[in-house]
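# Chains, contacts and geometry: an overview
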Amino acid sequence: MSERRLAPLWGWLRQTVGEDAPRPTHHLWGLMRGMLRHGSHVLSARSLEMNEYGPADLDAFVAKVDSFGGPGFPGVDDYWRGFNYAPVTAVDTSLDPFGAAYFEQQIALYREISGRTLDQTANEHTVFDPEAHLNARNPYNHGEPGVLANHLVQLTMAMRLANPRRGARMVDMGCGWGLSSELGSYLGLEVEAVDINPDFVELVRARSERYRYDIKPVQAGFDDYLPDASVDLVLFYECLHHAVEPWALLSRLSKRLSSGGKIVACGEPINTFWWPHWGLRLDPMSVYCIRKHGWFESGWSREFIVACMDRALLNTSVVTHPEPQIGDFIIGAADPLLSPDWMVRNCEIVGAALDGDYLVATGDMRIIFRTSLADAKAEISLHSFRDRPVTANMRWNDGPIVPLSLQPGETRLPVDGTGEAGTSLTIVSETWVPAEEIGNLDTRRLAFQIGGVAIGRA
């Protein structure tokens, strides 16, 4: 959801958070980030009178907003003030957020709010004047330089963080009007622009032809698109929150990334305002859009979207811009080696601690993988900086104990069996003190270092 539909939230935000709420920007997330920064205690402190709505009230709610002229028109701000949606559908937030039971509860909530069955092919569309956007200097046909500049700051920041080479292949998921696709082409990338809306796809095609951007437009939904060749960069700009199962989408796309390729998501609704993990957003604008248009308007916590990237076997980092309206950038990299940071987030580790670029193991170490490595051709990267072998015994799961001699340098251990979640590795080894044996300043008694998990990527 972008700025064309979100200005009315400003009045509701100021009433809810206070006069120090951030100024409205080009999309909802700039507003919501500012609100979330204050925390829910501000809401109770202001003792705001809330207007509660249930599913039976939503048709009248939409009709009332439309009677003002729709979102963005005078009067909507006041009408939305104190909005509180009270779901009838029970959602158990203690459930596994990746599990089928929690997912079905959120889909049931979507049916409650939207009044329809989820069908993104029919419902994820925006009506606009194609000719006006074709002839405009920018595909948004936006007249406010400052607002357009915010878009460009986000997109150029995403490109800087991705740092693709000239000629790299970029897939622009949910490309919409095509601003991000045009920027990618301008920067010298080979761009494939994907959107479910045929009108957006035609606009991108027509503008590419007129302005010689050489962009390949593709009409497809998130659930049925797969690149036909290796990709260096996948960009989600203000659109990943429309994915019904983002973890499945990211996992599927990650398998088409080149070595070192990246998935970058920005302009997304990262918060825990309604749900600790993920779920439909319940602010008045989102409820209006879900009910009127049938759009799937979800949001997630930072930890959850990082976990989605982790499950796709990507090294994940989060960069937060100092200006709240620019927000967070989630970067998942298909590096040859999953880092020790990834292991800390995705494994139960006993007898090893993170120290810089390595996990430093003591003499009795156990790792249990909570994230599946199935079909990844994974190998554990062990390092010894001792000038003679480190003797050890290892055991995968409940299998036999096998002698292991760690030679100086790197040793790779293929992950046993299928590598499903729950796979465990135990290593009991001799220990040594680097200060005593190689004369450095490290006086710890240690065994070896773990450099990460090597992944066999296509």
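Because the structure is a prediction, the values reported are computed rather than measured.

### Focus: the sheet that holds strand E3 (residues 169-173)
Working definition: the strands of a sheet are paired by backbone hydrogen bonds and lie parallel or antiparallel to each other. Strand order in the open sheet made by the seven strands is E5-E4-E3-E6-E7-E11-E10, with mixed pairing throughout. Edge positions in the open sheet fall to strand E5 (216-219) and strand E10 (315-320), since each of these has one partner strand only. Each neighbouring strand pair of the sheet contributes to a mean axis angle of 20 degrees, computed without reference to strand direction. Strand direction decides the pairing type here: strand E4 (residues 190-195) and E5, joined by four bridges, are parallel. Residue pairing for E5: aspartate 195 is matched across the bridge by glutamine 219. Along the sheet, helix H12 (residues 246-254) makes contact with E3, strand E6 (231-237) and strand E7 (257-266), crossing E7 at roughly 150 degrees.

### Points about the packing of aromatic side chains
Tallied over the entire structure, the rule returns 22 aromatic pairs. On the basis of an interplanar angle of 25 degrees and a centroid distance of 4.9 Å, the ring pair of tyrosine 53 and phenylalanine 83 is categorised as stacked. In this pair, tyrosine 53 is assigned in strand E1 (residues 51-53) and phenylalanine 83 in strand E2 (residues 83-85), connecting sequence segments 30 residues apart. Phenylalanine 83 shares its class with tyrosine 53; the two are buried.

### Here's the deal with the pairing of strand E16 (residues 390-396)
Every second residue of E16 is oriented toward a common face, the buried set being Val390, Ala392, Met394 and Trp396 and the non-buried set Thr391, Asn393 and Arg395. Examined bridge by bridge, E16 and strand E17 (residues 402-406) share five bridges and lie antiparallel to one another. Residue pairing for E17: methionine 394 is matched across the bridge by valine 402. Joining the antiparallel neighbours E16 and E17 is a turn of five residues, in which asparagine 397 adopts a positive phi near 50 degrees.

Reading guide: rules and limits
- Residues numbered from 1 in each chain as written.
- Predicted model: local features only at pLDDT ≥ 70, side-chain atom pairs only at ≥ 80, totals over all residues.
- Heavy atoms only, no water.
- Pairing = 2+ DSSP bridges.
- Helix = DSSP H or I, 4+ residues; strand = E, 2+ residues; numbered from the N terminus.
- Axes fitted to C-alpha atoms, helices over the stretch in contact; angles between N-to-C directions.
- Contact = heavy atoms within 4.5 Å.
- Phe/Tyr/Trp six-rings, centres within 6.5 Å; stacked < 30°, edge-to-face > 60°.
- Buried < 20%, exposed > 50% of the residue type's maximum accessible area, 1.4 Å probe, protein only.

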